[in-house]
Amino acid sequence: YEETPSARVLPGTREKTFAEECYHAIGHAIMMLNDNAIETSLPACDVFPHAWMREWCYHGVLMENYYLYMLEYRAESARPDTEAESLAPLCARLDKRYLQQCSYFVGWIHMQARPDDFTGAFAECQLFEPAHARICIARTARHFIAAHYGEDFAGIHALCAEAGDFERECLYGTAVGLGQGLSSALQYDMGTRFCGALAGELRIGCEYALMHAKDSLGRITASEI
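Residues numbered from 1 in each chain as written. Predicted model: local features only at pLDDT ≥ 70, side-chain atom pairs only at ≥ 80, totals over all residues. Heavy atoms only, no water.

Draft legend 1. Representation of the environment of Asp-189. Along the polypeptide, Asp-189 turns up in the loop between α10 (167-179) and α11 (190-196). Accessibility expressed as a relative area gives 40% for Asp-189, which makes it partly exposed. The spatial distance from the C-alpha of Asp-189 to the C-alpha of Leu-178 is 7.9 Å, given a sequence separation of 11 residues. (Helix = DSSP H or I, 4+ residues; strand = E, 2+ residues; numbered from the N terminus. Buried < 20%, exposed > 50% of the residue type's maximum accessible area, 1.4 Å probe, protein only.)

Here is the structure:
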């Protein structure tokens, strides 16, 4: 992939094209070639010349590791980095250039290992600096709270309050998941209804999150997507 002016919407930005998903897929493939060893696979992404390429590749590597926590996924595959029920210690020993992407999967892996422990997932996310913690919590909310709570809006509010300073990210992330049909009810208007039940600035921010839910790297963010 050659970076050219035609590949940009504005200087310093990039179009949301298949190219991003291509580097994401390369990350998955690198893991398969390295017997799913994260610390071997991540440096292989560093050959790419642009930061966005590397970030997408890291994301693919770490997502592949998340999938490996599901025993039914590629059952014959090596699983060298799935013995621990927390990804946080592995993230801590990685080079700092990988830390952001690693932090994004901490909540997911915690919930995969402990399906009902949202409080524990929030706590693990908050082991990281606030900029990473907020996205970790938003992603956890989008993927798991939406699936677990569905139309129980009061339950969602109570649970997100446990996220402390990141309550807003929790609410917005859940709204995005509901809007994407990730609840068992498969009602795609549920995210809009959830946002409508919020008050004032929370409602406005929630609606913004829904509007921009497809714009971010790997559907990562929930408060500025």
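Draft legend 2. Layout of the packing of aromatic side chains. Scanning all chains against the criterion turns up 9 aromatic pairs. Judged by centre distance (4.8 Å) and plane angle (80°), the ring pair of Tyr-23 and Phe-48 falls under edge-to-face. Of the two residues, Tyr-23 sits in helix α1 (residues 18-33) while Phe-48 sits in the loop between α2 (38-44) and α3 (51-68), which places them 25 residues apart along the sequence. The residues Tyr-23 and Phe-48 share a single accessibility class, namely buried. Judged by centre distance (5.9 Å) and plane angle (45°), the rings of Tyr-66 and Tyr-67 are tilted. Tyr-67 sits in the partly exposed class, given a relative accessible area of 26%. Through pairs of rings, three or more aromatic residues link up here, namely Tyr-66, Tyr-67, Tyr-73, Phe-105 and Trp-108. In this structure, Arg-139 packs its charged tip against the face of Phe-105, placed 4.6 Å from the ring centre. The ring of Trp-108 is capped by Arg-139, whose NZ or CZ atom sits 4.2 Å from the centre of that ring. (Phe/Tyr/Trp six-rings, centres within 6.5 Å; stacked < 30°, edge-to-face > 60°. Lys NZ or Arg CZ within 6 Å of the ring centre and 35° of its normal.)

Draft legend 3. Spatial organisation of the packing of helix α9 (residues 153-161) against α10. Between α9 and α10, whose axes approach to 8 Å, the crossing angle comes to 145°. Along this stretch, α9 crosses α10, giving a crossing that reads as right-handed. Touching Phe-153, Ile-156, His-157, Cys-160 and Ala-161 of α9 are Glu-167, Cys-170, Leu-171, Thr-174 and Leu-178, all from α10. Of the residues belonging to the contact of α9 with α10, the class tally is 7 nonpolar, 2 polar and 1 charged. (Axes fitted to C-alpha atoms, helices over the stretch in contact; angles between N-to-C directions. Left-handed = near helix turned anticlockwise from the far one by under 90°. Contact = heavy atoms within 4.5 Å. Nonpolar A, V, L, I, M, F, W, Y, C, P; charged D, E, K, R; others polar.)

Draft legend 4. Spotlight on the nonpolar core. Residues Ile-145 and Phe-194 are the most contacted members of the largest nonpolar core, which totals 65 residues. In terms of residues, this core owes the most to one element, α3, which gives 10 residues. In this structure Ile-145 touches Phe-118, Phe-122, Thr-140, Gly-150, Ile-156, Leu-159, Cys-160, Cys-170 and Thr-174, once residues within four positions along its chain are discounted. (Core = buried A, V, L, I, M, F, W, Y, C linked by side-chain atoms within 4.5 Å.)

Draft legend 5. Up close: helix α7 (residues 118-125). For α7, the tally of buried residues reaches 6 of 8 residues, placing the bulk of the element in the interior. Listed in full, the buried residues belonging to α7 are Phe-118, Gly-120, Ala-121, Phe-122, Glu-124 and Cys-125. Against α4 (88-93), α6 (106-113), α8 (130-149), α9 and α10 lie the buried residues of α7.

Draft legend 6. Region of the structure containing the packing of α7 against α8. Where α7 contacts α8, the axes come no closer than 9 Å and their chain directions differ by 165°. Of the possible angle classes, the one that applies to α7 and α8 is roughly antiparallel. Where α7 crosses over α8, the two elements pack in a sense that is right-handed. Within the contact between the two elements, α7 uses Phe-118, Ala-121, Phe-122 and Cys-125 and α8 uses Ala-133, Cys-136, Ile-137, Thr-140, Phe-144, Ile-145, His-148 and Tyr-149. (Parallel < 35°, antiparallel > 145°, perpendicular 65-115°, else oblique.)

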